[in-house]
Amino acid sequence: MKCVFPRKYNSIFQRKYRKWYRLRLFSTVFFAAEKREKVIEKETEFYCTKYYDYYPSSVVECMHYHGAQNVESAMIHSCNWFFAETGRRLGIKRIDSYAERLGLGKKTGVEFGEAEGMLAGRDSGEWQAGNTPQAAIGQSDNAFTPVQLATYTATLANNGTRLKTHLVSKITSYDNSEVISDFSKPQIARKSTFSEKN
């Protein structure tokens, strides 16, 4: 397929589909996982002391001393301490499983070439339990493309239903007389049930 974008836009195009970025909103991945896996309850509180040091060799620093935090307040305050602890309880395998369901660390299927991205743990050379809290806040080896992030956000909005990502509605023959591929109707890539309450 020939790229029809002017050359001056090539760098923008490359960044959207092939460059990787870290995801600070990764906490929403296991916000869903925590509830489904019964790791915590809505009322569960952890006390943020700014430095999460369950693993002394891998301390996670929060931006503030938040004190007592539950799921809702931790999301509001972006509390690293809270999500580091819940991530430790979940474990990297379950975190990665939910991330993949939501479209992270895998190709979206757009019509142009794209990078697969990376999931900490799954794509890491070596993994120790102490790395999990870092991964849980979106750091460590996590790296995703902007188009993956868009797919991820849309999947959250669709309560866990991930649609195939497309840039075009259809592909036709040169003279438009024949439709070769039609993407005008939404196509479900994967359905994971998350309630609207969660």
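Residues numbered from 1 in each chain as written. Predicted model: local features only at pLDDT ≥ 70, side-chain atom pairs only at ≥ 80, totals over all residues. Heavy atoms only, no water.

### Let's talk about the side chain of His66
Link 1 in the chain: Among the secondary structure elements, His66 is positioned in the loop between strand S3 (60-61) and strand S4 (67-69).
Link 2 in the chain: Apart from residues lying up to four places away in sequence, His66 is in contact with Cys48, His77 and Cys79. (Helix = DSSP H or I, 4+ residues; strand = E, 2+ residues; numbered from the N terminus. Contact = heavy atoms within 4.5 Å.)

### Looking at the confidence of the model for the chain
Link 1 in the chain: In this model, the chain carries a mean pLDDT of 81, and residues with pLDDT of at least 70 account for 79%.
Link 2 in the chain: Here residues 1-5 is a poorly scored stretch, pLDDT under 50, and it has 6 contacts once near neighbours within four places are set aside; other chains count. (pLDDT = per-residue confidence, 0-100.)

### Things to note about the pairing of strand S7 (residues 179-182)
Link 1 in the chain: Bridge count for strand S6 (residues 170-172) against S7 is 3 bridges, and the pairing is antiparallel. For Lys170, the partnering residue across the bridge sits in S7 and is Asp182.
Link 2 in the chain: In sequence, S6 turns back onto S7 through a hairpin of 6 residues, with Asn176 there showing a positive phi of about 65°. (Pairing = 2+ DSSP bridges.)

### Re the pattern of salt bridges
Link 1 in the chain: For the structure shown, the criterion picks out 5 salt bridges.
Link 2 in the chain: The residue Glu61 makes a salt bridge to Lys50 at a minimum N-O spacing of 3.9 Å. In this pair, Glu61 is assigned in strand S3 and Lys50 in the loop between strand S1 (46-48) and strand S2 (51-52), connecting sequence segments 11 residues apart.
Link 3 in the chain: You can call Lys50 buried: its relative accessible area is 17%.
Link 4 in the chain: Residues Arg88 and Glu85 are paired through a salt bridge, measuring 2.9 Å at the closest nitrogen-oxygen approach. Of the two residues, Arg88 and Glu85 both sit in helix H4 (residues 80-90), 3 residues apart, roughly one turn of that helix.
Link 5 in the chain: Beyond isolated ion pairs, a larger network of salt bridges with shared partners links Glu85, Arg88 and Arg89. (Salt bridge = Lys/Arg side-chain N within 4 Å of Asp/Glu carboxyl O. Buried < 20%, exposed > 50% of the residue type's maximum accessible area, 1.4 Å probe, protein only.)

### A few points about a nonpolar patch on the surface
Link 1 in the chain: Taken together, the side chains of Tyr51, Val59 and Tyr65 present a nonpolar region at the surface, about 320 Å² in accessible area.
Link 2 in the chain: Its place among the elements puts Val59 in the loop between S2 and S3.
Link 3 in the chain: For Val59, a relative accessible area of 38% corresponds to the partly exposed category. (Patch = residues over 30% accessible without salt bridge, like charges linked within 9 Å, V, L, I, M, F, W, Y side chains within 5 Å. Areas by Shrake-Rupley, 256 points an atom, 1.4 Å probe, with all protein chains shown as cover.)

### Re the nonpolar core
Link 1 in the chain: Ranked by size, the top nonpolar core spans 18 residues in total, and within it Ile40, Cys79, Trp81 and Phe82 carry the most contacts.
Link 2 in the chain: Counting residues per element, this core draws most heavily on H4, which supplies 5 residues.
Link 3 in the chain: Within the second largest apolar cluster, 7 residues are counted, among which are Ala99, Leu102, Leu104 and Phe144. (Core = buried A, V, L, I, M, F, W, Y, C linked by side-chain atoms within 4.5 Å.)

### Quick look at the side chain of Gln148
Link 1 in the chain: Turning to its location among the elements, Gln148 is positioned in helix H7 (residues 146-157).
Link 2 in the chain: Within the local environment of Gln148, its side chain forms a polar contact with the backbone oxygen of Lys106, the two atoms lying 2.8 Å apart.
Link 3 in the chain: Residues within four places of Gln148 in sequence aside, it is in contact with Gly103, Leu104, Gly105, Lys106, Lys107, Thr108, Ala115, Glu116 and Gly117. (Polar contact = N/O pair within 3.5 Å; in protein donor to acceptor, adjacent residues only side chain to side chain.)

### Concerning unusual backbone geometry
Link 1 in the chain: Even without a glycine there, the phi angle at Ser78 is positive, about 55°.
Link 2 in the chain: Within the chain, Asn176 stands out as a residue other than glycine whose phi angle is a positive 65°.
Link 3 in the chain: By the secondary structure assignment, Asn176 is in the loop between S6 and S7.
Link 4 in the chain: With relative accessibility at 60%, the residue Asn176 sits in the exposed group.

### Observations concerning H4
Link 1 in the chain: Counting buried positions along H4 yields 9 of 11 residues, so the element is predominantly enclosed.
Link 2 in the chain: Among the residues of H4, Asn80, Trp81, Phe82, Phe83, Ala84, Glu85, Thr86, Gly87 and Leu90 are the ones counted as buried.
Link 3 in the chain: Gly91, located one to two residues past H4, shows a positive phi value of around 90°.

### With respect to the packing of aromatic side chains
Centre distance and the angle of the planes are the two values used to describe a pair of aromatic rings.
Link 1 in the chain: For the coordinates displayed, the defined rule picks out 6 aromatic pairs.
Link 2 in the chain: Summarising the aromatic geometry, the rings of Tyr54 and Tyr55 are spaced 4.9 Å apart at their centres and angled 75° between planes, so their arrangement reads as edge-to-face.
Link 3 in the chain: Each ring, one from Phe82 and one from Phe83, has its centre 5.3 Å from the other, and the planes form 75°; the classification is edge-to-face. Here the two residues Phe82 and Phe83 agree in accessibility, since each one is buried.
Link 4 in the chain: Among the aromatic residues, ring-to-ring pairing joins Phe46, Tyr52, Tyr54, Tyr55, Trp81, Phe82 and Phe83 into one connected group.
Link 5 in the chain: Its guanidinium or amino end placed over the ring of Tyr54, Arg88 lies 3.9 Å from that ring's centre, counting from NZ or CZ.
Link 6 in the chain: If you follow Arg101 out to its NZ or CZ, it ends over the ring of Tyr98, 4.3 Å from the centre. (Phe/Tyr/Trp six-rings, centres within 6.5 Å; stacked < 30°, edge-to-face > 60°. Lys NZ or Arg CZ within 6 Å of the ring centre and 35° of its normal.)

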